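Below, each chain spelled out in residue letters.
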Amino acid sequence: MTTQVKHYIDGEFTAGTGTSQIVVTNPANNATIAVINSATADEVHAAIASAKAAFKTWKEVPVSERARVMLRYQHLLKEHHDELATILAHETGKTFEDAKGDVWRGIEVAEHACNIASLLMGETVENVARSIDTYSYTQPLGVCAGITPFNFPAMIPLWMFPLAIACGNTFILKPSEQDPMTPQRLVELFVEAGAPKGVLQLIHGDKTAVDILLADPAVKAISFVGSVAVGQYIYKTGTDNLKRVQAFAGAKNHCVIMPDANKQQVINNLVGASVGAAGQRCMAISVAVFVGAAKEWIPELKEALAKVRPGLWDDKDAGYGPLISPAAKVRVLKLIAQGKEEGAQCLLDGSDFTVAGFESGNWVGPTMFTKVTTDMSIYKEEIFGPVLCCMESDSLEDAIELVNASPYGNGTSIFTASGAAARKYQHEIEVGQVGINVPIPVPLPFFSFTGWKGSFYGDQHAYGKQAVRFYTETKTITARWFESDIAVAAGPNMSIN
Ligand code: NAD
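Given the structure is predicted, the values throughout are model-derived calculations rather than measurements.

### A word on the site of the ligand
Of all residues adjacent to the ligand, which total 28 residues, the nearest are K174, E177, S227, A249 and E382. At a separation of 3.2 Å, an oxygen atom of the ligand approaches a polar backbone atom of G226. In this structure, a nitrogen atom belonging to the ligand sits 2.7 Å away from a main-chain N or O atom of A249. Look at the ligand: alone it shows 840 Å² of surface, and the protein chains cover 87% of it. Of the residues assigned to the shell around the ligand, the class counts are 16 nonpolar, 8 polar and 4 charged. Residue-level mapping places the shell around the ligand at the junction of two domains, with at least three residues from each of domain 1 (3-250 + 451-479) and domain 2 (253-407 + 411-436).

### Here we look at the nonpolar core
Counting residues in each nonpolar core, the largest one holds 62 residues, and the members touching the most others are Y73, W159, F161, F171 and F190. For this core, the element with the highest residue contribution is helix α6 (residues 155-166), accounting for 10 residues. Other than its neighbours up to four places away in sequence, W159 contacts V109, V225, F449, A462 and Y463. Membership of the second largest hydrophobic core comes to 59 residues, among which are F290, Y320, F384 and A421.

### Quick notes on the side chain of Q201
Here Q201 is to be found in strand β10 (residues 200-202). Engagement of the side chain of Q201 in a polar contact is seen with the backbone nitrogen of D10, the distance being 2.8 Å. Within the structure, the side chain of Q201 is placed 2.8 Å from the side chain of S50, a separation counted as a polar contact. Leave out the neighbours within four places in its chain, and Q201 touches Y8, I9, D10, A47, S50, A51, F171, I172 and L173.

### Focus on the pattern of salt bridges
Per the stated rule, a full pass over the model turns up 17 salt bridges. Residue K174 is joined to E177 by a salt bridge in which the shortest nitrogen-to-oxygen separation is 3.5 Å. In this structure, K424 engages E397 in a salt bridge whose closest nitrogen and oxygen atoms are separated by 3.7 Å. Here E397 lies in helix α14 (residues 396-405) and K424 lies in helix α15 (residues 419-428), a separation of 27 residues in the sequence. Residue E397 is classed as partly exposed on the basis of its relative accessible area, which comes to 45%.

### Structural notes on the domain arrangement of the protein
Taken domain by domain, the protein comprises domain 1 (3-250 + 451-479) and domain 2 (253-407 + 411-436). Spacing between the C-alpha centres of domain 1 and domain 2 amounts to 31 Å. Opposite the 24 residues of domain 1 that make contact, domain 2 presents 31 residues. Of the roughly 2100 Å² buried between domain 1 and domain 2, counting both surfaces, carbon and sulfur atoms make up 57%. At the boundary of domain 1 with domain 2, the tally comes to 11 residue pairs in polar contact (both at pLDDT 80 or more). Where the side of domain 1 that touches domain 2 is concerned, the elements lending two or more residues are α3 (81-92), α4 (96-113) and β21 (452-453). Looking at which element gives the most residues to the side of domain 1 that touches domain 2, the answer is α3, with 5 residues. Its residues assigned to classes, the side of domain 1 that touches domain 2 comprises 7 nonpolar, 12 polar and 5 charged.

The rules behind the values
- Residues numbered from 1 in each chain as written.
- Predicted model: local features only at pLDDT ≥ 70, side-chain atom pairs only at ≥ 80, totals over all residues.
- Heavy atoms only, no water.
- Near = heavy atom within 4 Å.
- Polar contact = N/O pair within 3.5 Å; in protein donor to acceptor, adjacent residues only side chain to side chain.
- Areas by Shrake-Rupley, 256 points an atom, 1.4 Å probe, with all protein chains shown as cover.
- Nonpolar A, V, L, I, M, F, W, Y, C, P; charged D, E, K, R; others polar.
- Domains from an automatic or database assignment.
- Core = buried A, V, L, I, M, F, W, Y, C linked by side-chain atoms within 4.5 Å.
- Buried < 20%, exposed > 50% of the residue type's maximum accessible area, 1.4 Å probe, protein only.
- Helix = DSSP H or I, 4+ residues; strand = E, 2+ residues; numbered from the N terminus.
- Contact = heavy atoms within 4.5 Å.
- Salt bridge = Lys/Arg side-chain N within 4 Å of Asp/Glu carboxyl O.
- Buried area = accessible area lost by both parts, 1.4 Å probe.

Spelled out as structure tokens, the structure:
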């Protein structure tokens with residue numbers, strides 16, 4: 001059965017009138033599961049106009065009432081956790097457990113948004129001069145927009161709209177056209193939670209829709225997560241149009257393995273962090289750097305990776321699912337072939353992997369290279385597939401130099417039993433999220449998601465206090481009250497003493 005994906009514009013779910021159609025497929029066999037009528041320019045403008053009108057009333061809704069919408073929302077998300085994960089698994093191919101994790105990480109941000117009153121608190125200083133006090137408020141910006149990638153269709157939209165809306169903004173979500181049904185369900189539940197008409201809009205489409213959001217002066221801030229080229233385009237165009245922009249982009253995350261680390265923990269963690277979710281995570285470990293004698297563990301790592309078997313979303317023994325699209329598979333296979341041509345040693349090659357009965361799916365088996373050097377395409381490019389590149393280093397200093405020379409800075413980790421080595425690494429590494437004996441150090445929502453360098457364009461990051469700063473303006477008030485006026489106000493027969 002083919003589902004018609006719906007936009008949500010001005011309080012109505014609608015198939016839309018667009019004639020340009022996008023087909024949504026099941027990555028396990030590329031069968032069509034849904035169709036999108038891409039939003040027309042008029043529909044995108046209607047969503048912006050409705051969000052702009054709704055801002056006038058939503059910003060006046062008391063903060064505790066806004067928080068109550070979030071309380072109901074996080075409750076509904078939890079009630080529908082399995083249902084959301086099932087929709088998500090069907091359209092992304094993720095295993096059910098992985099899909100549940102995707103939804104859960106988003107729920108945690110919605111939970112955090114329930115605490116919005118404390119997060120919005122400003123600052124005060126009494127008596128900055130005689131009888132003068134200064135205090136600040138945080139006020140919402142207006143219409144904000146979010147453009148999200150395919151790889152976390154629940155978590156990443158939920159990084160954005162609950163906090164933006166709790167701050168008093170209205171929001172337009174433009175999710176990935178490759179898996180739009182999870183975001184649609186997120187929006188339906190938000191409406192059920194009692195969000196007034198116009199506060200949240202959902203439009204589906206591609207560059208055409210995004211370009212309208214980037215150009216319209218009513219849109220005050222853009223949150224983007226996706227690939228490097230698109231992130232740079234969105235950051236440059238949005239800021240050129242004088243908008244506030246945060247753009248989270250691609251990554252190439254290194255894990256440094258010291259010879260004093262716990263070998264079994266290293267192997268178990270590297271397997272999950274490199275090929276889990278088919279490597280389609282912006283925090284996946286794609287480069288393992290073995291320092292000194294740690295390189296002797298490479299054959300055991302290969303054995304462990306070889307045991308991982310991709311499979312269907314509801315196969316409990318599957319380690320991960322297919323890649324999102326045939327185009328993604330072609331890209332990954334091309335990079336694997338380039339790795340071999342450029343002289344890396346392919347210890348494990350998943351290029352020919354398939355699942356019986358689902359031969360037309362976008363499968364790639366676990367793949368592992370050794371003898372990788374920094375000039376190779378498999379090192380320079382984000383592969384975004386189940387491919388681990390192994391490198392060797394003589395010392396921790398050399399490993400740090402290697403990681404710091406990467407243009408990306410999303411995440412990194414070190415495995416070691418030495419506090420001194422861990423301390424040196426966390427201090428000197430030029431990467432925004434660091435794990436110590438933790439392979440994928442994604443911060444919980446009371447911190448922020450703090451990618452650096454080519455993995456992020458902007459200054460205020462996603463969720464936590466930084467997101468609240470991103471979605472608000474600070475108004476600083478300096479006030480003087482004259483005691484003599486009190487007597488005047490109180491009338492001639494009354495004294496203040
Ligand atoms: P993508 O850049 O292809 O698409 C992201 C969004 O941008 C989608 O909504 C898409 O419709 C839109 N888009 C695509 N091309 C566009 C264009 N030319 N102009 C305007 N909009 C356009 O990314 P993807 O393939 O969906 O996601 C994978 C990428 O996202 C990877 O590079 C991954 O590292 C990155 N990612 C980064 C983070 C992070 O936090 N840094 C998190 C998740 C994913």
